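Observations on the model geometry
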Amino acid sequence: MSRVRGGHNFYQMRVSDKEISASRGPVDILVALDSDSISSHSKELSAIGVVVYDSAALKEKHDGSQFFDVPLLDLALKNGGDKIMVNTVATGTVLGMLGLGTDIFLDILREILGKKGEAVLSANANAARAGHEFAGRECLRCEFSTPAIGTKKMLIGINEAVGLGALASGCKFYSAYPMTPSTGIMLYIASKAKEFEVIVEQAEDEIAAINMALGASFAGIRAMTGTSGGGFALMVEGLSLAAMTETPIVIALAQRPGPATGLPTRTEQGDLLFALHAGHGEFPRVIFAPGTPEQAFLLTNKAFDLAQKYQIPVFILIDQYLSDSQWTYDGFNLNKLTLTDWRATESELEGVKDYKRHFLTDHGISPFARPGTSRHLVVTDSDEHDEDGHLIEDAATRVQMVDKRLFRKMPLIRSEITPPVFYGNSRPDIILTGWGSTYGIMKEAVNILSETTKVAMLHFSEIFPFPSSQELDYLEILGKANMTIIVEQNASSQFARLMKTETGFEFTGKINRYDGRPFLVEELLGEISAYIG
Amino acid sequence: MPTLDDYKGQEPAWCPGCGNFPILRAFKEAFVEMDIEPHQFLIVSGIGQSGKFPHYLKCNTFNGLHGRTLPVATGARLANHEMLVVAVAGDGDCYGEGGNHLMHAIRRNIGVKLFVHDNQIYGLTKGQASPTSMEEMVTKNQPFGVLSEQLNPMALAVALDCSFVARGYAGDHEHLKGLIKTAVNHKGFSLVDIFQPCVTFNRVNTYAWYSQRVYHIEDDYNPEDRVAAFQKALEWGDRIPIGVIYRNNRPTFEERVPVINELTLVKQPVSIEGLKSKLRKTIKEFF
């Protein structure tokens with residue numbers, strides 16, 4: 001929740017030596033810095049769970065072996081000299097409870113606080129050690145076993161991954177209006193603006209944001225915008241403009257629960273059909289919905305490629321859950337990146353006598369020159385236009401242009417789309433299907449259920465144009481399963497509706513969640529077992 | 001050196017006598033005289049009778065949406081600030097639908113030259129009041145007359161410290177041509193509001209009405225005096241000033257964006273090898 005002034009808030013962290021991809025319910029260590037944390041979360045404790053709290057500071061004493069009373073404030077004041085270091089003491093305490101050393105933590109403190117000077121740093125280091133020592137000495141119930149510390153991993157969230165993907169694609173212009181949960185993309189690109197020579201402009205509104213990006217794109221560079229539902233509602237007019245003028249654009253749409261302001265800091269997959277149908281008129285578009293930061297990085301790269309190649313709008317659909325979670329990786333494979341300049345180069349234009357911006361070709365794609373860089377005039381119009389880009393009224397040209405934009409390009413665009421990820425048992429009885437942010441939770445559920453059931457998952461991250469079943473016959477796989485369950489973080493199973501429209505397929509069961517909270521592993525398993533019986 | 005023939009575009013669909021014709025002629029002549037060739041600049045226009053303007057000459061063209069000329073022009077200019085970017089809009093387009101964008105383009109001082117064809121009426125949609133329609137003017141859609149106060153774009157622009165504020169009149173050809181050149185040569189954001197009589201729908205602000213009232217701003221007037229400019233901008237009624245009302249030399253947005261100090265964005269080389277080497281360094285920050 002957006003609590004700039006402070007107040008009850010929480011952050012959940014899960015540690016494992018196995019790959020993990022979602023949050024689970026039971027909490028092993030609950031660090032309660034306020035009373036609300038105890039009343040709201042102590043019921044989530046696992047069998048070996050411990051609540052770390054400060055009875056003196058919170059002015060409440062709890063009996064029971066699951067409560068570990070740590071004088072966080074007192075240790076902060078005595079060792080750090082300032083109550084602000086309570087969190088440093090608490091972190092030291094947790095490391096002590098887990099039997100882990102403080103070396104890495106001290107390094108991180110240096111990284112974060114180093115610029116504040118030695119005094120601040122050593123005060124924090126003392127505070128951390130004090131918490132660590134206290135836990136080692138006093139926590140009688142701590143029986144946690146932790147794996148050995150492995151190699152350093154990359155820690156990245158999806159907004160950063162989308163931003164990184166944009167930079168990796170040669171994006172030169174990002175204009176947006178701040179809106180949770182999409183703002184992080186703009187912030188990340190802005191932090192790299194100098195190094196990657198990108199202009200990041202905070203527009204006066206989302207209408208300006210998309211129109212600026214279109215102006216920059218028309219002029220010849222790769223441009224992007226990002227927003228959330230309400231902001232995207234304002235951009236819809238510009239989306240249609242992108243389509244009519246065949247100007248490439250990448251749009252990151254970070255979903256949150258609507259309608260209207262909705263639940264601004266919560267999560268939902270409620271805007272799939274909005275993104276699919278947004279914009280007046282009929283035109284092609286591409287929608288990607290990555291399920292992990294790694295997918296987001298590569299799909300953003302693909303989004304820029306397709307946007308420029310086919311001169312169309314391409315969406316990256318994410319949501320608050322993805323925006324606010326972080327994943328670990330050994331690294332990103334840069335060899336999977338692609339970068340082709342699909343704009344007409346000066347040498348390609350040399351032989352052209354009479355350049356036409358919307359020249360009719362068999363594949364529907366017209367060479368797109370950069371205005372002002374050659375003697376050719378680049379003319380386009382939001383009105384229906386002829387090949388030259390001048391506005392027209394006649395029926396024949398209108399039909400030619402719609403055919404060009406929609407029917408000639410669409411099969412080519414569709415051939416670029418890769419099939420869903422098929423994970424788990426190769427001849428499953430039960431199939432969980434989802435898209436976007438449910439990747440991690442479905443994978444965990446499949447891993448657990450696989451011990452007793454023949455189960456698999458189908459995860460779609462390239463949603464529109466709907467993938468063909470040639471490469472992976474997912475329709476046949478689904479057809480052979482006894483039970484097919486669609487898992488969506490929305491009320492009306494939007495993906496299931498799209499799939500029925502596109503393929504005729506209907507799932508046997510639906511799991512929907514629309515309370516704004518992401519699924520925890522146990523919760524999804526509970527919903528699935530209600531189906532399995 | 002280009003000629004007027006090089007600028008010959010599509011056949012205009014404006015009403016005979018429309019104030020847009022003399023604006024088009026002044027614009028073409030000014031550009032020929034400034035030795036600017038059609039491929040050397042971009043016109044971004046919106047929707048309205050003025051939106052068709054770039055089709056009626058020869059130039060790079062982005063005829064976008066109603067009200068959205070300035071954001072598109074801003075993006076294009078930031079992508080390639082060596083290219084002259086002209087925005088053409090109407091009074092409804094720029095002062096109504098796109099009002100917010102005008103305010104912020106002025107703040108940025110982006111080097112876009114904005115020409116507003118101000119006919120004080122909606123022509124394309126056949127005669128409704130515009131933000132600059134005079135109070136009490138009766139239209140089919142304003143049967144009790146215009147009830148809102150007339151917008152004064154000149155005073156608004158001076159109040160926002162717009163770096164170039166001028167007004168021209170379609171009926172004063174040489175003066176308008178000179179104004180177009182001055183605006184194009186100004187390095188920051190230029191706003192030129194041009195009185196453009198609508199012979200079909202505006203029966204109040206006719207050629208005669210404007211001709212009786214407009215006067216050339218005095219030679220000894222100092223357009224760099226903002227307070228005097230505000231006073232000048234407020235003049236309306238029997239005498240209406242045309243010419244440069246206000247100008248200043250504040251730095252342009254392009255000058256202040258460090259990443260385009262050396263090369264325009266369109267000219268900056270992008271290679272997969274170059275990007276990968278930067279990415280390897282950037283990705284390390286996540287470890």
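Residues numbered from 1 in each chain as written. Chains lettered and ligands numbered in written order. Predicted model: local features only at pLDDT ≥ 70, side-chain atom pairs only at ≥ 80, totals over all residues.

A look at the overall build of chain B
Helix and strand counts for chain B come out as 10 helices and 8 strands. For chain B, the C-alpha radius of gyration of 20 Å lies close to 19 Å, the compact-globule estimate for 287 residues. C-alpha atoms of chain B, sized along the principal axes, occupy 70 × 45 × 40 Å. In chain B, which comprises 287 residues, the share counted as buried stands at 51%. Considering only contacts within chain B whose residues lie at least 6 apart along the sequence, 71% involve residues at least 24 apart. (Helix = DSSP H or I, 4+ residues; strand = E, 2+ residues; numbered from the N terminus. Rg over C-alpha atoms; globule rule 2.2 N^0.38 Å. Buried ≥ 20, exposed ≤ 12 C-beta atoms within 10 Å, placed from the backbone. Contact = placed C-beta atoms within 7 Å.)

A word on the interface of chain B and chain A
Many descriptions give the size of an interface as the accessible area lost when the pieces come together. Each side of the interface is counted separately: chain B has 45 residues, and chain A has 59 residues. Residue assignment for the side of chain B that touches chain A shows that the elements contributing at least two residues are strand S1 (41-45), strand S2 (60-63), helix H2 (69-79), helix H4 (99-108) and helix H10 (272-284) of chain B. Element by element, the count of residues in the side of chain B that touches chain A is highest for H2(B), at 8 residues. Across 3 bridges, the pairing between strand S12 (residues 379-381) of chain A and S2(B) is parallel. (Pairing = 2+ DSSP bridges.)

What to know about the sheet that holds strand S17 (residues 483-488) of chain A
Residues and elements named next belong to chain A. Spatial strand order, S13-S15-S14-S17-S18: 5 strands in an open sheet with mixed pairing. Of all strands in the sheet, those with a lone pairing partner are strand S13 (421-424) and strand S18 (509-512), marking the two edges. Adjacent strand axes in the sheet meet at a mean angle of 20°, parallel and antiparallel pairs treated alike. Of the strand pairs in this sheet, strand S14 (residues 430-435) and S17 are connected by 4 bridges, and their pairing is parallel. In the sheet register, threonine 433 faces S17, and the bridge partner there is isoleucine 486. Its contacts with the sheet put helix H17 (residues 439-449) on S13, S14, strand S15 (455-460) and S17, and the angle it makes with S15 is roughly 170°. Across the sheet, helix H19 (residues 494-503) touches S14, S17 and S18, and the angle it forms with S17 is around 125°. (Axes fitted to C-alpha atoms, helices over the stretch in contact; angles between N-to-C directions.)

Overview of the sheet that holds strand S7 (residues 222-227) of chain A
Residue and element names in this part refer to chain A. What the 7 strands build is an open sheet, ordered S6-S5-S7-S8-S10-S9-S16; its pairing is mixed. Each end of this open sheet is capped by a strand with a single partner; those strands are strand S6 (199-202) and strand S16 (462-464). Geometrically, the sheet is characterised by an average inter-axis angle of 20° between neighbouring strands, direction not taken into account. Looking at chain direction, strand S8 (residues 249-255) and strand S10 (residues 313-319) are connected through 7 bridges and run parallel. Within S10, the position partnered with alanine 254 by the bridge is isoleucine 318.

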